[in-house]
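# Notes for the structure review
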Amino acid sequence: MSRPDWVPLRDELRDAEPYGAPQIDVPVRLNTNENPYGPSAETADDIARAVGEAAVDLNRYPDREARELREGLAAYLGHGLTADQVWAANGSNEVMQQVLQAFGGPGRTAVSFAPTYSMYPEYARNTHTRWVTGRRRDDFELDLDAATALVAQEQPEVVILTSPNNPTGTALPLEQVRAVLDVAPGVVVVDEAYAEFRRAGTPTALELLPDHPRLLVTRTMSKAFAFAGGRLGYVAADAAIVDALRIVRLPYHLSSVSQAAALAALRHADELLARVDDLRATRDETATWLTGQGYEVAASDANFVLFGRFADRHAVWQALVDRGVLIRETGPDGWLRVSIGTPAEMSTFRTALKEVDPR
Ligand code: PMP
């Protein structure tokens, strides 16, 4: 959309489009890495009851420190973490923006390694942080020598590593995170939005927290936790880092309704997470099937699979939409990403893909 000249938008935002995957109303939506399994009626009722109780006090501001919720999130994460070492906001998007508000900013630099989550440059732009992108290897693993050399050269205040990475699904070995921490002068964020889907044997960077005070590990309830609509992301870090994030947060950023709903969802963690094993199995089946069809498939520790290559990926994406299957046109040119849905949804996806791209 062309913007009228009289709108006094910052120059660098003039040609920008709002971020977001197309929200198209089709029967099979496999484009934003949501959990396809919603809460049971019982869990939904319990969340509604908690929200109802919060509603009685909506004339009052919420707990600015979201103390009870942070305690619940710390208990969920384990690893000996306490509420002082956990911070929460409206989605890990907001957490990451707060991280860049606190540790980035004018005259400061943030680094990440592409292909990766396409929101990062937007957080940097919005916080006037200089943005530098390194490249991953062709197999989407981190090129550790190049990565540490870039960090040593740029001396960034913020490094963002993503594990498992979006859109490739690639997880990072902890030695690599350690090696980046060793050379990074500022904070290192490991975005673990998809951590619960990682394969057996893939570690979490939470293990590194006790020895690395400048490490931040971000998580979200949007994916494995089946709570994307609730908007709740969080970060585990040293208590001094959490305290620093409190400087930039808006007062009462997490509404009473959000806090109550997230706490209720946490009480039902077992049920909400119960399908993670199924989703992992379906992911592996999907990857195997795609490989069998002759596609290149990126090894995935997440709830999605990146596959290719297509001479014209947009045409394939559109033809799938025309058949009621919405996947994501993202990542390097020639690749498409499919989120893992229910077995029935994946079957519809496979049938549609065979039709639109017979191999
Ligand atoms: N990090 C990564 C790597 C993601 O893929 C996403 C969602 N697509 C997010 C963060 C943000 O998730 P949310 O704001 O819903 O917590």
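In this text, all values refer to a predicted model and were calculated from it rather than measured experimentally.

### What about the overall build of the protein?
Across its full length, the protein carries twelve helices and twelve strands. Taken over the C-alpha trace, the protein has a radius of gyration of 21 Å; the compact-globule value for 359 residues is 21 Å, and the two agree within 12%. Reported as C-alpha extents along the three principal axes, the dimensions of the protein are approximately 55 × 55 × 55 Å. Within the span of the protein, comprising 359 residues, buried residues form 43% of the whole. Counting only contacts in the protein whose residues sit at least 6 apart along the sequence, the fraction spanning at least 24 positions is 73%.

### Topic: the UniProt feature "modified residue: N6-(pyridoxal phosphate)lysine" (unreviewed entry) in the protein
Here, UniProt's "modified residue: N6-(pyridoxal phosphate)lysine" (unreviewed entry) annotation points to Lys223. When you line up the elements, Lys223 lands in the loop between β7 (215–220) and β8 (233–237). In contact with Lys223, other than residues within four places in its own chain, are Asn33, Asn35, Ala193, Tyr194 and Asn303.

### Concerning the UniProt feature "domain: Aminotransferase class I/classII large" (unreviewed entry) in the protein
Residues annotated by UniProt as "domain: Aminotransferase class I/classII large" (unreviewed entry) correspond here to residues 28–350. The span residues 28–350 shows a helical share of 40% and a strand share of 16%, and its end C-alpha atoms are spaced 12 Å apart.

### Comments concerning the site of the ligand
Lining the immediate surroundings of the ligand are 13 residues, of which Gly91, Ser92, Asn93, Thr220 and Ser222 lie closest. Of the residues belonging to the shell around the ligand, the class tally is three nonpolar, nine polar and one charged.

### Here's the deal with the confidence of the model for the protein
Here the protein averages 97 in pLDDT, and 100% of its residues register 70 or above. Prediction confidence for the complex, expressed as pTM and ipTM, is 0.97 and 0.99 respectively.

### Considerations on the sheet that holds strand β10 (residues 304–308)
Sheet architecture is open: three strands sit in the order β9-β10-β12, paired in antiparallel fashion. The open sheet has two edge strands with one neighbour each: β9 (296–297) and β12 (335–339). Looking at chain direction, β10 and β12 are connected through five bridges and run antiparallel. Paired with Leu306 across the two strands is Arg337, which belongs to β12. On the sheet, helix α10 (residues 276–292) packs against β9, β10 and β12 and is oriented at approximately 10 degrees with respect to β10.

### Considering the sheet that holds β7
An order of β2-β8-β7-β6-β5-β3-β4 is seen for the seven strands of this open sheet, with the pairing classed as mixed. The open sheet has two edge strands with one neighbour each: β2 (86–89) and β4 (130–135). Each adjacent strand pair in this sheet contributes to an overall mean axis angle of 25 degrees, direction not counted. Inspection of the sheet shows strand β3 (residues 109–114) paired to strand β5 (residues 158–162) by three bridges, in the parallel sense. What sits directly across from Ser112, in β5, is Ile160.

Analysis parameters
Residues numbered from 1 in each chain as written. Predicted model: local features only at pLDDT ≥ 70, side-chain atom pairs only at ≥ 80, totals over all residues. Helix = DSSP H or I, 4+ residues; strand = E, 2+ residues; numbered from the N terminus. Rg over C-alpha atoms; globule rule 2.2 N^0.38 Å. Buried ≥ 20, exposed ≤ 12 C-beta atoms within 10 Å, placed from the backbone. Contact = placed C-beta atoms within 7 Å. UniProt positions renumbered as here; feature names shortened; annotations may be inferred. Near = placed C-beta within 6 Å. Nonpolar A, V, L, I, M, F, W, Y, C, P; charged D, E, K, R; others polar. pLDDT = per-residue confidence, 0-100. Pairing = 2+ DSSP bridges. Axes fitted to C-alpha atoms, helices over the stretch in contact; angles between N-to-C directions.

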